[in-house]
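# Geometric and topological summary
So you can see what is in the structure, the chains are spelled out below.
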Amino acid sequence: MGSIEFKNPATTTLLELVKSRRTYYNLKAESPISDDAIDHIVQDSVLHVPSSFNTQTSRVVLLLKEEHKKLWDIAIKVMEGLVAAGQVPKEMFENSTKPKLEGFKAGYGTVLFFVDYESLAAIKEKFAIYAAKFDPFALESNAMSQYFVWLALESEGFGANLQHYSPLIDEDVRKTWNLPESWKLDAQMVFGVPASEPGEKTFAPLEGRYKVFGK
Ligand SMILES: Cc1cc2nc3c(=O)[nH]c(=O)nc-3n(C[C@H](O)[C@H](O)[C@H](O)COP(=O)(O)O)c2cc1C
């Protein structure tokens, strides 16, 4: 596709941001912006990302610095427990899992994304015909928040990656930060100043993945 001129230059900026967002695993415990600015981005994701019927089912926790490190210490401790119980091979943990978790810990912060499925009870009753749809809708809305935060953090000079250590860490996370039982953890977004470039990425051709009609 040749270069397209959009009516609003912000569209070009947005598309550039979408294209430049990547998964960064090697992160430093540094921040290019203030903690208030990070806080603002995450708050905006909670307030402004859409949800089905405006149910507002996402719950988000921002962990910075020492609190962020606590999270990855929890994951390391839980995985060590699995090794001790013989559920994870020690060699795999030492050579692969532990260095990866230490890598996350070396970042600046983590955003925890939860869904409060219990808050959907009333609307499931009211719109019984849609009842089975509300849980997936809630997860879709949560994923939109994740993507928004990922883009915004990278726009400000962070690198980020998306992790899924639920349900392994759920109990400890809830207790450590005294979170409601109804908050179901979905994803953990780790961020920090990138210490290296992201890995190579390949793209399957658009043909077969996208169709346009009426152009
Ligand atoms: C829904 C979803 C779940 C993902 N889960 C993980 C994960 O658990 N661990 C991980 O390291 N990366 C995870 N990723 C990152 C993908 O592997 C990554 O986005 C993909 O390989 C494309 O690379 P890029 O982010 O650099 O564009 C996830 C991404 C998405 C969208």
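Residues numbered from 1 in each chain as written. Predicted model: local features only at pLDDT ≥ 70, side-chain atom pairs only at ≥ 80, totals over all residues. Heavy atoms only, no water.

## Details of the packing of aromatic side chains
Note the cut-off: Each pair of aromatic rings taken from Phe, Tyr and Trp, with Trp reduced to its six-membered ring, is defined by centres within 6.5 Å and is described as stacked if the planes are under 30 degrees apart, edge-to-face if over 60, and tilted in the remaining cases. The helix and strand labels rest on DSSP assignments: H or I over at least four residues marks a helix, E over at least two residues marks a strand, and numbering proceeds from the N terminus. For the exposure calls, accessible area comes from a 1.4 Å probe over protein chains only, and a residue counts as buried if that area is under 20% of its type's maximum, exposed if over 50%, partly exposed in between. Think of it as a cone above the ring: NZ of Lys or CZ of Arg counts as a charge over the ring if it is within 6 Å of the ring centre and within 35 degrees of the ring normal.
As enumerated under the stated definition, the model contains 11 aromatic pairs in all. Judged by centre distance (5.6 Å) and plane angle (70°), the rings of Phe53 and Tyr130 are edge-to-face. Highlighted residues: Phe53 in the loop between helix H2 (35–48) and strand E2 (58–64) and Tyr130 in the loop between helix H5 (121–126) and helix H6 (131–155), separated in sequence by 77 residues. Classification of Phe53 as partly exposed rests on a relative accessible area of 41%. Taken together, the ring pairs in this structure connect Phe53, Phe127, Tyr130, Phe134 and Phe137 into an aromatic cluster. Note that Arg21 overlies the ring of Trp150, its terminal NZ or CZ placed 4.3 Å from the centroid.

## Digging into the pairing of strand E5 (residues 183–194)
Defined as follows: Two strands pair if DSSP finds at least two bridges between them.
In terms of strand pairing, strand E1 (residues 27–28) meets E5 through two bridges, oriented antiparallel. Looking at the pairing, Leu27 lines up with Pro194 of E5. Relative to E5, strand E4 (residues 159–163) runs antiparallel, the two being bridged by five bridges. Opposite Gln163, over in E5, you have Gln188 as the bridge partner.

## So, the side chain of Asp170
Just so we agree on the cut-off: A contact between two residues is defined here by any heavy atoms of the two lying within 4.5 Å.
For Asp170, the position within the fold is in helix H7 (residues 170–176). Residue contacts for Asp170: discarding those within four places in its chain leaves Lys184 and Leu185.

## Some remarks on the UniProt feature "domain: Nitroreductase" (unreviewed entry) in the protein
Cut-off, in case you're wondering: UniProt positions are given in the numbering used here, feature names are shortened, and annotations may be inferred rather than shown by experiment.
Mapped onto this numbering, the UniProt entry gives "domain: Nitroreductase" (unreviewed entry) at residues 18–192. Taken end to end, residues 18–192 is 51% helix and 18% strand, and its two terminal C-alpha atoms sit 19 Å from one another.

## Remarks on the pattern of salt bridges
To keep things clear, this is the line we draw: Think of a salt bridge as a Lys or Arg side-chain nitrogen and an Asp or Glu carboxyl oxygen that are within 4 Å of each other.
Throughout the structure, instances matching the rule amount to 12 salt bridges. Across the pair Asp172 and Lys77 runs a salt bridge, and its minimum N-O distance is 3.2 Å. On the criterion of sequence distance, the pair formed by Asp172 in helix H7 and Lys77 in helix H3 (residues 66–84) is long-range, its members being 95 residues apart. Salt bridges linked by common partners bring Glu171, Arg174, Lys175 and Glu181 together as one network.

## Description of the site of the ligand
Test applied: A cutoff of 4 Å decides nearness: a residue is near a molecule or strand if any of its heavy atoms lies inside that distance of it. Polar contact criterion, stated in full: a pair of N or O atoms within 3.5 Å, where within protein one must be able to donate a hydrogen and the other to accept it, and residues adjacent in sequence count only if both atoms are side-chain atoms. Any residue that is not Ala, Val, Leu, Ile, Met, Phe, Trp, Tyr, Cys, Pro, Asp, Glu, Lys or Arg is counted as polar, Gly included; the first ten are nonpolar and the last four charged.
Around the ligand lies a shell formed by Arg21, Arg22, Thr23, Tyr25, Trp150, Leu162, Gln163, His164 and Lys201. Here Thr23 contributes a side-chain N or O atom positioned 2.6 Å from an oxygen atom of the ligand. Within the side chain of Tyr25, an N or O atom sits 2.6 Å from an oxygen atom of the ligand. Residues that form the shell around the ligand fall into these classes: three nonpolar, three polar and three charged.

## Structural notes on unusual backbone geometry
Peptide bonds are mostly trans, and most non-glycine residues show a negative phi. The linkage connecting Ser166 with the following residue, Pro167, adopts the cis geometry, with an omega of 10°. Residue position: Pro167 is located in the loop between E4 and H7. Positive phi, normally seen in glycine, also occurs at Phe53, with a value near 55°. Its identity as a non-glycine residue notwithstanding, Asn178 has a phi of 50°, on the positive side. Mapped onto the secondary structure, Asn178 falls in the loop between H7 and E5.

## Overview of the side chain of Ser145
Counting through the fold element by element, Ser145 comes out in helix H6. In this structure, Ser145 is in contact with Ser45, Val49, Ser58 and Phe113, ignoring residues within four places of it in sequence.

## Some points on the packing of H3 against helix H4 (residues 90–105)
Here is the rule: Fitted lines through C-alpha atoms serve as axes, helices being fitted only where they are in contact, and the angles separating the N-to-C directions of these axes extend from 0 to 180 degrees. Note on terminology: angles under 35 degrees are roughly parallel, angles over 145 are roughly antiparallel, angles of 65 to 115 are roughly perpendicular, and the others are oblique.
One can describe the packing of H3 onto H4 by two numbers: an axis separation of 9 Å at closest approach and a directional angle of 170°. Accordingly, the angle class assigned to the pair H3 and H4 is roughly antiparallel. Listed contacts from H4 to His68, Lys69, Trp72, Asp73, Ala75, Ile76, Met79, Glu80 and Val83 of H3 are Lys90, Phe93, Thr97, Lys98, Leu101, Glu102, Phe104 and Lys105. Across the contact of H3 with H4, the residue classes break down as eight nonpolar, two polar and seven charged.

## A short note on the pairing of E2
Burial within E2 is extensive, with six of its seven residues counted as buried. With seven bridges joining them, E2 and strand E3 (residues 109–116) adopt antiparallel strand pairing. Bridge pairing links Leu64 to Gly109 in E3.

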